[in-house]
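# Residue-level structure breakdown
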Amino acid sequence: METLMVILVGILISIGTYLILSKQLLRIVLGASIVGHAVNLLIITSGGLKKGSAPLLGEKAAGFADAIPQALVLTAIVINFAVTALVLVLSYRAYKSFGTDDMEQLRGNEHE
Amino acid sequence: MFYTFIFLPLISALFVPLLYKYFNRLVHTGWFVLVVPLTIFIYLLQYIPGVAAGDTYKYTLSWIPSLDMNIVFYVDGLSLLFGLLISGVGALVIVYSIYYMSKIREALHNFYIYLLMFMGAMLGLVFSDHLLVLYGFWELTSVSSFLLISYWYERKSSRQGALKAMLITVLGGFGLLAGFIMMIMMADTYSIREILANLDVIQNHALFIPAMLCVLLGAFTKSAQFPFSIWLPDAMEAPTPVSSYLHSATMVKAGIYLVARMTPIFGGSSVWFWLVAGVGLITLLYGSLTALRQTDLKAMLAYSTISQLGLIMCLLGVGSLAVYFGASDSGTVFGVAGFAALFHLFNHSTFKGSLFMVVGIIDHETGRRDIRYLGGLMQVMPITFTIALVGGLSMAGLPPFNGFLSKEMFFAAVNEVSQAGIFGLSKIGLLFPIIAWIASIFTFVYCMIFIFKTFGGTYRPEKLTRTVHEAPWGMLFSPIILGLLVIFIFFFPNVLGKYILTPALTSMLPMTEMSSYDLKISVWHGLNLELVMTIGVIVVGLLFFKSSKRWIQAMRNYPQGLTLNHWYNKGLSGTERFSTSLTNGYMTGSLRSYLIYTFAFFVIVLLSSLLLLYGIRFDFSNDAAISVFDVGLVLAMVIAAGTVLLAGNRIVAIVALGAVGYMVAMFFVIFRAPDLALTQMVVETVSTLLFLLCFYHLPKLTKQIERIPFKLTNLIISIAMGLTVTLLALSANGHKMFEPITSFFENAFELAGAKNIVNAILVDFRGFDTMLEISVLAVAGLGVYVLVHQRSKGREQHENE
C-alpha cells in the first residue's frame, strides 16, 4: 500500500508541476493545489498505513495509527487552504488590474 | 571592571547625540568625548608595573558559554602597548579635532560616534583572546574606518575612497576569518593562549600553511602592504584627525599587531619569514619611491606611512627568526630585531601623528596642501615649522630624534639577516641591507621635500586662498606633545624600553632568552656599519635633494596605466559589468524561469545526493495490504488529476480538482485519520466554492498553444520532479533508522485530559504552533479582504471617472 501511495504521490506531483509551469495564472493555482494534496498524502504515508486503530484513546485497541503525521497534515490542510484562497484572490486582482492572466505578459520590467 | 573600560567608548557613543543636541551650542562636543580616552589611558597606566614585572591578567565575560563563545580579555605586554597607543593618541587626536572640526559647520555627533566606535573596536581587538571575538572587532574597525573616510559623504572622492578601503580590508577580513577557522579546527580551541600552549598540534598539521597564508592576507590588507596598499592614499579623504589616528597611528597597525601576536605560532617557518620580511621590504621600497612623486602633502604622508609600515613588517619578519633559533645567541640577535619593530612602531605613531597634524594645520590655515603652491611658511608659522622639523627629521632617521634610534636598529637587523645563513638567505640575503639602504635614501629625500618645500623657499601669499596665521594653541597642543615625546624618547629610550617594550617583546617571542643588557637602547654604538650606512644615507640623500628639480618631474610623468590603482579601477568596473550581465541573464522577470531554477535545483541536489550517498534502497516487506477499493481510489484520483491537466473548460477543471480533494478525504478515512477526513471535507467544500466564485470573474482557460520546446521542458521537469519525490519517499521507507516517537504522545489523557491524540498534540502539546497557524490564517484572511475591498474602491473610481 505504501509503495502504491508513493507512486500516486509521484504522479500527482508531476501533474501539479506541469500545471505550475504553464503560462496561465489559473492553471498555476490549480497545480499548486494538486501539489498540496500530494504532499499531504506523502506525509501521512510516511507514518505507515493501516496499522492500529484511529488515534482515539477511547478505542480499546492494541495499537494506534501514528498521530504525529496526522497532526502535521491537519495543520497543512488549513495552511494550504489559506494560501490557495490568497493566491486565488491575488490572481483575480492581477487579472482585473492588468487585463491579462498570461504570466509572460505579467513579468517584471527589464531594469528594475 | 576591566570590561567597563574596554566597552566605555562603545557605551559612551550612545550619549554623544544627546550631548550634541543639548550642549553643542555652548561647548564643543569633543570636550565630552575627550573624557573617554583619557579615562582609559589613566586606567591602563596602572597595569604597567604589573605587566613590566611579567604578570598577565585575564578577564572572562560569559557570553554564550554553551558554545564556548566568551569575551575573554587578556592583558599582556603587547596588548598593553597597543592599548596605551590607542587611548593616548586617541586623547591627543580628540583635543586636536576640537579645534580642527568646526562646531558650527560639521555634523559632530556623527564624527564622534564613528570615532568612539572605532576606539572601542580597536581596544577590543588588541585585548581579545578569543579568536572569533577578535575577528568581530577586526571587522568593526573596517566598518568604522569606512564611515570615517566617507564622513564628508557629499564628495565623490570620499565615497570612492571609503569603498576602496572597505573592499580591500574586508577581503582581507574574510581571509582572516578563514585562517582563524582553520586554526580553531587544528587546535580545537578558540583561545590564543591555549593554542600557544599546544603549538605542536598546529605546527605539524596539514592546514598550517593555508591558515598562515589566510591570516597574513588579513594582516597585509589591513596594514596596507604591497600590493594591497592602494586603499591608504585614498583614505586620506577623511578629515585629518582621522588620518592621523586611524590611518597612521592605530588602525593600520592592527595588521602589525596580528603578525606580532601570531609570531609565536607561525614564526620559525621559512614561508612566514619570507612573506612577512619580503613583503615588508618591498612595501618599504615601493612606499618611499612613490612618496617622492606626490605633490599633495597628505598623499605624501600616506605613502610614507605605507613605507614605514613595510619597515615594521620587515623587522617583524626578521624578528620571527628568533623563534627558529630559540634560546641561543642567534635567537637573541633576532629577538632584538623584534624589539626594534615594536620600538619603531611606537616611534612611528609619535612622529607620523604629529606630521599629519601639521599637514592638517597647514591645510586649515592656508587652504592648500599642494607643495607646488606652498613655500616659505617658516616665517608665518614658526611653531608649526618646528614641529614639522622634529617629526620630519625623526622620520628621516636623524639624531637627536627617536627615529634615529629605531632606524639604526633596523640597519643592524638587516645586516644580521644577510648573515643568518638559513632559509636560502646565504644567496640573496645581501638584498636586505641594500634595499633597506636605498629605501632609506628615498625616505630621507621625501622628508626633506616635505619640510623644505613647504616651509623653506620664498613665501608666496598670492597663491594661497586665505591670509595665513599661526595655528591656535589648542591645535598646536597635540603635535607639540607628540614632538616632545619624539625628543624625550631619544634621550631616555630605556624608560620606554624597560616598562613597555620589553614586556611586549616577551609576549611576542616568549621562547627567546633576552636579558635587559641585550635590550638596552643606546645612542652611541661606536663607529659601526649602521652608522656608516646612516651617514651614507644623509650624504647621498642631500645630493638627491639638491638635484631634485631635474629628476622629480620625470618621476611624476610615470604612466598612469602602470599604476596599481589603474588595475584596481579596471578590475572593479569589469567585475561590475560582468555581474550586471550575469544577473540580467538569469533574472528574467518571468515566474516560470524562477520556478524552473527552483525545481531543477531540487531535482539535481536530491537525486545526486541520493545516488552519491547510496541512499536508494527499497524495502517492501512492511507494506500494508492493498484492497480492491484502494486500487479503484488510486485510479480514480489519477483520472481526476489528469482531467484537471487536460480540461479545456474551467468548470470541468474545478470539479475535477474538487474530486481530487474529496478522494484525499477518503484516503484519510482508510488510513484511520477521522479528524483529517472531516477537515479535508470542510476545507475542500469551501475552496471549491471559492474557486467557483472567482471563476466568474477570471478568463476562460485558453487552449495551450505553446511551442513544442516549451511543452517538452515542462514535461521533463515535471516528470523529474515526480520521479525524485517517488524515489526519495521509497528510499525513506527503505531506511527505517529510528523508532516512531508516536508512543511518546499516547499519554495524552494523563497529561492533557484528551482522548483524541491528534487534538491533544494540536491544542496542547504544540499549542503555540497552532496559535501561529491561526495567525497565518488571519493574515491570509486580511489579505483576501484587502484585495477584494480594493476592487470595490477601484470600481468606484472607475464609475466616478
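Residues numbered from 1 in each chain as written. Chains lettered and ligands numbered in written order. Predicted model: local features only at pLDDT ≥ 70, side-chain atom pairs only at ≥ 80, totals over all residues.

### Description of the overall build of chain A
Helices and strands together make up the secondary structure of chain A, namely four helices and zero strands. Listing the helices and strands of chain A from first to last along the sequence gives α-α-α-α. Scaling as 2.2 N^0.38, a compact globule of 112 residues should have a C-alpha radius of gyration of about 13 Å, whereas chain A reaches 19 Å, well beyond that. Projected onto the principal axes, the alpha-carbon positions of chain A cover approximately 65 × 25 × 20 Å. (Helix = DSSP H or I, 4+ residues; strand = E, 2+ residues; numbered from the N terminus. Rg over C-alpha atoms; globule rule 2.2 N^0.38 Å.)

### Comments concerning the overall build of chain B
Counting its secondary structure elements, chain B contains 35 helices and two strands. At 36 Å, chain B has a C-alpha radius of gyration far larger than the 28 Å of a compact globule built from 801 residues. Along the three orthogonal principal directions, the C-alpha set of chain B runs to about 110 × 75 × 55 Å. The contacts of chain B with a sequence gap of at least 6 include a subset with a gap of at least 24, amounting to 78%. (Contact = placed C-beta atoms within 7 Å.)

### Overview of the interface of chain A and chain B
Each side of the interface is counted separately: chain A has 73 residues, and chain B has 83 residues. Of all the secondary structure elements, the ones that give two or more residues to the side of chain A that touches chain B are α1 (2-20), α2 (25-46), α3 (67-98) and α4 (103-106) of chain A. When residues of the side of chain A that touches chain B are assigned to their parent elements, the largest contribution, 23 residues, is made by α3(A). A breakdown of the residues in the side of chain A that touches chain B according to their chemical character gives 46 nonpolar, 17 polar and 10 charged. (Nonpolar A, V, L, I, M, F, W, Y, C, P; charged D, E, K, R; others polar.)

### Description of the domain arrangement of chain B
Its domain assignment divides chain B into domain 1 (267-556) and domain 2 (745-801). The gap between the C-alpha centroids of domain 1 of chain B and domain 2 of chain B is 71 Å. (Domains from an automatic or database assignment.)

### Some remarks on the pairing of strand β2 (residues 69-75) of chain B
All names here are of chain B. Counted residue by residue, β2 has five buried out of seven residues, so it is predominantly covered. In terms of strand pairing, strand β1 (residues 57-64) meets β2 through seven bridges, oriented antiparallel. Counterpart to S62 in the pairing with β2 is N70. Between β1 and β2, which pair antiparallel and follow one another directly, the connecting turn spans four residues, one of which, D68, has a positive phi of 65°. (Buried ≥ 20, exposed ≤ 12 C-beta atoms within 10 Å, placed from the backbone. Pairing = 2+ DSSP bridges.)

### A few points about the packing of helix α18 (residues 329-366) of chain B against helix α23 (residues 473-491) of chain B
All names here are of chain B. Two elements in contact, α18 and α23, have axes whose closest approach is 9 Å; the angle formed by their N-to-C orientations is 150°. Between α18 and α23, the angle falls in the class roughly antiparallel. As for how α18 packs across α23, the hand of that crossing is left-handed. Facing α18, whose interface residues are N347, T350, F351, G353, S354, M357, V358 and I361, α23 presents M475, S478, P479, L482, G483, L485, V486 and I489. Here the residues of the contact of α18 with α23 are counted per class, giving 10 nonpolar, six polar and no charged. (Axes fitted to C-alpha atoms, helices over the stretch in contact; angles between N-to-C directions. Parallel < 35°, antiparallel > 145°, perpendicular 65-115°, else oblique. Left-handed = near helix turned anticlockwise from the far one by under 90°.)

### Description of the confidence of the model for chain B
Per-residue confidence for chain B gives a mean pLDDT of 86; residues scoring 70 or more make up 98%. Two summary scores accompany this predicted model of the complex, namely pTM at 0.77 and ipTM at 0.93. (pLDDT = per-residue confidence, 0-100.)

### Digging into the packing of helix α19 (residues 382-396) of chain B against α23(B)
Residues and elements named next belong to chain B. In the contact formed by α19 and α23, the axes pass within 10 Å of each other and the chain directions differ by 40°. Considering their axes alone, α19 and α23 lie oblique with respect to each other. Here α19 runs over α23; the crossing is left-handed. Only L476, P479, I480, G483, V486 and I487 of α23 make contact with α19, whose side of the interface consists of I383, I387, V390, G391 and S394. Here the residues of the contact of α19 with α23 are counted per class, giving eight nonpolar, three polar and no charged.

### Remarks on the environment of A:N40
Examined against the element boundaries, A:N40 turns out to sit in helix α2. Separated by 34 residues in sequence, A:N40 and A:L74 place their C-alpha atoms 8.8 Å apart. For A:N40, the contacting residues outside a window of four places in its chain are A:V73, A:A76, A:I77 and B:V664.

### Notes on helix α7 (residues 131-149) of chain B
With 19 residues, α7(B) should reach 27 Å at 1.5 Å per residue; the first-to-last C-alpha distance of 27 Å fits that figure. With 14 of 19 residues buried, α7(B) lies mostly within the body of the structure. (Expected span 1.5 Å × (residues − 1).)

### Considerations on the environment of B:A91
Residues and elements named next belong to chain B. Tracing the chain through its elements places A91 in helix α5 (residues 77-100). Residue class for A91 comes out buried when judged on the 22 C-beta atoms lying within 10 Å of it. A sequence separation of 154 residues divides A91 from Y245, and the C-alpha atoms of the two residues are 9.9 Å apart. Aside from chain neighbours lying at most four places away, what touches A91 is L34, P37, L38 and F41.

### Structural notes on the nonpolar core
As a rule of thumb, soluble globular proteins bury nonpolar side chains together. By size, the foremost hydrophobic cluster in this structure holds 206 residues, and its most contacted members are B:L116, B:L148, B:L315, B:A340, B:L342 and B:A413. It is α18(B) that provides the largest number of residues to this core, a total of 19 residues. Setting aside its immediate chain neighbours within four residues, B:L148 contacts B:Y114, B:L115, B:F118, B:A238, B:V242 and B:L246. A:I28, A:V29, B:I717 and B:A760 belong to the second largest nonpolar core, which has 71 residues in total. (Core = buried A, V, L, I, M, F, W, Y, C linked by C-beta atoms within 7 Å.)

### Observations regarding the confidence of the model for chain A
A low pLDDT means the predicted coordinates there should not be read in detail. Residues with a pLDDT of 70 or more make up 96% of chain A, whose mean pLDDT is 85. The secondary-structure element of chain A with the lowest mean pLDDT is α4(A), recorded at 76, while α1(A) shows the highest, at 92.

### Let's talk about the environment of B:L44
Relative to the elements of secondary structure, B:L44 occurs in helix α3 (residues 29-45). Considering only alpha carbons, one finds B:L44 and B:I6, 38 residues apart in sequence, at a separation of 10.0 Å.

### Let's talk about unusual backbone geometry
Residue and element names in this part refer to chain B. For the bond running from F226 to P227, omega is 0°, close enough to zero to count as cis. Look at the link from P399 to P400: it is a cis peptide, with omega at 0°. Structurally, P400 can be placed in the loop between α19 and α20 (402-417). Positioned with a positive phi, D188 is a non-glycine residue whose angle comes to about 60°. Positionally, D188 belongs in the loop between α8 (156-187) and α9 (192-197). Judged by the 10 C-beta atoms lying within 10 Å of it, D188 is exposed. The phi torsion at R672 lies on the positive side, around 55°, for a residue other than glycine. Looking at the element boundaries, R672 is found in the loop between α30 (650-670) and α31 (674-695).

### Quick notes on α19(B)
Residues lying three or four places apart along an α-helix face the same way, a consequence of the helix completing one turn every 3.6 residues. All names here are of chain B. An ideal rise of 1.5 Å per residue puts 21 Å on 15 residues; α19 measures up with 20 Å between its terminal C-alpha atoms. With 11 of its 15 residues buried, α19 lies for the most part within the structure. In this structure, the buried residues of α19 make contact with α16 (297-319), α18, α20, α22 (431-455) and α23. After α19 finishes, the residue G397 shows a positive phi value of roughly 90°.

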